[in-house]
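Below are the chains, spelled out letter by letter.
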Amino acid sequence: RLENLAGRLSEQIEADSIELLNAFKDEKFLKSAGFSTATALAMYLPNTYNLFWEVTPKDFKKRMLEYYNLFWNKERIQKANSLKLNPIQVNILASIVQKESVSSEEQNKIAGVYLNRLKKNMKLQADPTVIYAIKKKEDKFNKVIRRVLYKDLKLNSPYNTYRYGGLTPGPICMPNLSTIDAVLNPESHDYLYFVASPTNPGLHLFSKNLSEHNKNKRLYTEWLNRKKLFR
């Protein structure tokens, strides 16, 4: 979140976290750059930057916007357009993909699943968005949630993609540049569902229809129950 970013940066430069956060949430600046407070995090791309220690929050965010515009070159914008997404939407989807899997071998495939769903006007139904919605509602972002329950899917939040269609209002984390590129270069397939694999930690089981998915989900649920992971 912007709060985490401000806190981390205040350990590296002279400005404190409050100064930085106020600068990050400057609505006039955000509007002029094409962002909102909900999408502001998308402007900050994780990388290594050389900056003077006394750089001001104002100059820092300008520097980040310059890099953002360099990253979103003509080729990446064309790829985003071919997916019927803009750069901010790509970042939002990448944030969801990253929370689903940090495995580079799967991110392109997961991106393909979500893009298939968007094309069919299906809800994304992404568990990480529900977890984010819970934390946001309770204002407890350090809360550990190891299992999403059926009652959680009813939470009335625009970040709950089980309840609302389309993408979330903003990114749910700061995605890696490689994850953004994974979304821009999705794997082409017919998969519409996936669930965590109980036999290959960190990987997933993919399916093309609900019947196959329910079988895979049953395996995963049984594994969770055996591990006594009820929350």
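The following refers to the structure shown.

Cut-offs applied
Residues numbered from 1 in each chain as written. Predicted model: local features only at pLDDT ≥ 70, side-chain atom pairs only at ≥ 80, totals over all residues. Heavy atoms only, no water. Helix = DSSP H or I, 4+ residues; strand = E, 2+ residues; numbered from the N terminus. Rg over C-alpha atoms; globule rule 2.2 N^0.38 Å. Buried < 20%, exposed > 50% of the residue type's maximum accessible area, 1.4 Å probe, protein only. Contact = heavy atoms within 4.5 Å. Areas by Shrake-Rupley, 256 points an atom, 1.4 Å probe, with all protein chains shown as cover. Lys, Arg positive; Asp, Glu negative; His and termini not counted. Charge placed at Lys NZ, Arg CZ, Asp CG, Glu CD. Axes fitted to C-alpha atoms, helices over the stretch in contact; angles between N-to-C directions. Parallel < 35°, antiparallel > 145°, perpendicular 65-115°, else oblique. Nonpolar A, V, L, I, M, F, W, Y, C, P; charged D, E, K, R; others polar. Phe/Tyr/Trp six-rings, centres within 6.5 Å; stacked < 30°, edge-to-face > 60°. Lys NZ or Arg CZ within 6 Å of the ring centre and 35° of its normal. 1 Å grid on protein atoms, 1.4 Å probe; cavity = no way out; pocket = protein on both sides within 12 Å on 5 of 7 lines; lining within 4 Å. Points joined across faces, edges and corners; volume = space filled by probe spheres on them. Left-handed = near helix turned anticlockwise from the far one by under 90°. Core = buried A, V, L, I, M, F, W, Y, C linked by side-chain atoms within 4.5 Å. Salt bridge = Lys/Arg side-chain N within 4 Å of Asp/Glu carboxyl O. Patch = residues over 30% accessible without salt bridge, like charges linked within 9 Å, V, L, I, M, F, W, Y side chains within 5 Å.

**Description of the overall build of the protein chain**
Then, in step 1: Each helix and strand counted, the protein chain has 10 helices and two strands in total.
Then, in step 2: Traced from its N-terminal end to its C-terminal end, the protein chain shows the element sequence α-α-α-α-α-α-α-α-α-β-β-α.
Then, in step 3: Against the 2.2 N^0.38 benchmark of 17 Å for 231 residues, the protein chain shows a C-alpha radius of gyration of 19 Å, consistent with a compact globule.
Then, in step 4: When the backbone C-alpha atoms are referred to their principal axes, the protein chain occupies close to 55 × 40 × 30 Å.
Then, in step 5: Sorting the 231 residues of the protein chain into buried and exposed places 45% on the buried side.
Then, in step 6: Partitioning the intrachain contacts of the protein chain with sequence separation of at least 6 by distance along the chain shows that 60% fall at a separation of at least 24.
Then, in step 7: Entry remark: accessible area of the protein chain is about 13100 Å², with carbon and sulfur atoms responsible for 49%.
Then, in step 8: Treating the 37 positive side-chain charges of the protein chain as one cloud and the 23 negative ones as another, the clouds have centres 9 Å apart.

**Observations concerning the packing of helix α6 (residues 87-100) against helix α9 (residues 177-184)**
Then, in step 1: Following both chains from N to C, one finds α6 and α9 inclined at 110°, their axes separated by 9 Å at the closest point. If you check the angle between α6 and α9, you find them roughly perpendicular. For the pair α6 and α9, contact is made by V90, N91, L93, A94, V97 and Q98 and by T179, I180, V183 and L184, respectively.
Then, in step 2: In terms of residue class, the contact of α6 with α9 is built from seven nonpolar, three polar and no charged.

**Observations concerning the packing of aromatic side chains**
Then, in step 1: By the definition in use, this model includes 11 aromatic pairs.
Then, in step 2: The interplanar angle of 10° and the centroid separation of 6.4 Å between the aromatic rings of Y44 and F60 together place this pair among those described as stacked. Pair noted here: Y44 is in the loop between α3 (27-33) and α4 (57-71) and F60 is in helix α4, with a separation of 16 residues, a long-range link. F60 matches Y44 in its accessibility class, with the two residues each being buried.
Then, in step 3: Taken together, the aromatic side chains of Y114, Y191, F194 and F206 make up a single cluster linked through ring pairs.
Then, in step 4: It is R1 that lies over the ring of F141; its NZ or CZ is 3.8 Å from the centre.
Then, in step 5: When the ring centre of F71 is taken as reference, the NZ or CZ atom of R76 above it lies at 3.8 Å.

**Notes on the layout of surface pockets**
Then, in step 1: In this model, the largest pocket occupies a volume close to 1100 Å³.
Then, in step 2: Forming the boundary of the largest pocket are 37 residues, of which D127, Y162, V195, A196 and Y220 lie nearest the centre.
Then, in step 3: Only α6, α7 (104-119), α8 (127-138), β1 (193-196) and α10 (210-226) provide two or more residues apiece to the lining of the largest pocket.
Then, in step 4: For the lining of the largest pocket, the residue count by class is 22 nonpolar, eight polar and seven charged.
Then, in step 5: By volume, the second largest pocket amounts to about 450 Å³.
Then, in step 6: Around the second largest pocket, the lining is made up of 18 residues, and of these K99, K135, F141, I172 and C173 lie nearest the centre.
Then, in step 7: Per-element accounting of the lining of the second largest pocket gives the leading share, four residues, to α8.

**Considerations on the packing of α6 against α7**
Then, in step 1: Packing of α6 against α7 leaves a shortest axis separation of 10 Å and a crossing angle of 125°. In terms of orientation, α6 and α7 fall into the oblique class. Where α6 crosses over α7, the two elements pack in a sense that is right-handed. On α7, the residues that touch L93, I96, V97, Q98 and E100 of α6 are Q107, I110, A111, Y114 and L115.

**So, the environment of L9**
Then, in step 1: Relative to the elements of secondary structure, L9 occurs in helix α1 (residues 2-9).
Then, in step 2: For L9 and P57, which are 48 residues apart along the polypeptide, the C-alpha to C-alpha distance reads 9.9 Å.
Then, in step 3: When residues no more than four places from it in sequence are discounted, the contact partners of L9 are L20, F24 and F60.

**A short note on the nonpolar core**
Then, in step 1: Ranked by internal contacts, the top residues of the largest apolar core, which has 59 residues, are F24, Y114 and I180.
Then, in step 2: Broken down by element, this core gets its largest block of residues, seven residues, from α6.
Then, in step 3: Excluding anything up to four places from it in sequence, Y114 contacts L93, I96, V97, E100, L124, A126 and F194.

**Considerations on the pattern of salt bridges**
Then, in step 1: What the rule picks out here adds up to six salt bridges.
Then, in step 2: A salt bridge links K79 to E75; its shortest N-O distance comes to 3.7 Å. Taken as a pair, K79 and E75 lie in helix α5 (residues 74-82) at a separation of four residues, close to a single helical turn.
Then, in step 3: One network of salt bridges, in which partners are shared, links R1, E3 and K25.

**Here's the deal with a negative patch on the surface**
Then, in step 1: A cluster of acidic side chains, namely E14, D16, E19 and E54, defines a negative patch on the protein surface.
Then, in step 2: Topologically, E14 is positioned in the loop between α1 and α2 (17-24).

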